[in-house]
Amino acid sequence: MGWAETMAFWDAVDHGSIAGMQAAVRDADVDHYHAGLSTALHRCSERGDASMGSALIESGAGVNLRTRIGNDTALILAAERGRAAVVRVLLKQGADQSIKNARGLTARAVATDKGHTEVIEMLTAGVKRPAVAYDRLSQSIKAAARPSPGAPRRSSSLALSPL
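Residues numbered from 1 in each chain as written. Predicted model: local features only at pLDDT ≥ 70, side-chain atom pairs only at ≥ 80, totals over all residues. Heavy atoms only, no water.

1. Considering the overall build of the chain
Keep this limit in mind: Secondary structure elements follow DSSP: runs of H or I no shorter than four residues count as helices, runs of E no shorter than two count as strands, and numbering proceeds from the N terminus. Each residue's exposure class comes from its accessible area (1.4 Å probe, protein chains only) as a fraction of the maximum for that residue type: buried when under 20%, exposed when over 50%, partly exposed otherwise. Two residues qualify as a contact provided that any one of their heavy atoms is within 4.5 Å of a heavy atom in the partner residue. Note on areas: Shrake-Rupley, 1.4 Å probe, and residue coverage restricted to the protein chains presented here.
For the chain, the count of helices and strands is nine helices and zero strands. Sequence-ordered secondary structure for the chain, helices as α and strands as β, is α-α-α-α-α-α-α-α-α. Evaluated residue by residue, the chain yields a buried proportion of 34% over its 163 residues. Considering only intrachain contacts with a sequence separation of at least 6, the fraction spanning at least 24 residues in the chain is 66%. In the structure as shown, the chain presents an accessible area of about 10000 Å², 53% of it carried by carbon and sulfur atoms.

Right, dumping it as structure tokens:
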């Protein structure tokens, strides 16, 4: 990735141009650390730009990457600033709430410290991935665990043979 491609990418991100970002990301690294400190997703999380954050994630941005100073994730940055729409997007995309920053704080702890009630409620309740996907996975696992009709039943005890 060259300087021009990197600048086009960051310019699009900073100006909220999703189309510009998507065009530039073909030639740039979506997880590039600007000035060696933070990624575009970190910046969008701080700004509260949920649309750009979602587009970055769709383009492959890592939701759990940390800033180089402070060790903050995008979720921690959004929670600290009360950016509820961004928090919602990040949670739906699998952001890990248990990650702690350099101060030992999670996103929920930071939101609590700042008094961002809506964000605290989301982090407490945990915005989950769509239930349909979970239900299908759960049903598949249960079906795989059931013995097929006519199959011999497995014993729950372990039989040991002498050596």
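That shown, we press on.
2. Comments concerning the confidence of the model for the chain
Operational definition: A residue's pLDDT is simply how confident the predictor is in it, with values from 0 to 100.
Residues with a pLDDT of 70 or more make up 76% of the chain, whose mean pLDDT is 84. Here helix α9 (residues 131–145) stands out as the element of the chain with the lowest mean pLDDT, 49, in contrast to helix α5 (residues 74–80), whose mean of 98 is the highest. Residue range residues 153–161 is modelled with pLDDT below 50. Its contacts to residues more than four positions away, or to other chains, number zero contacts.

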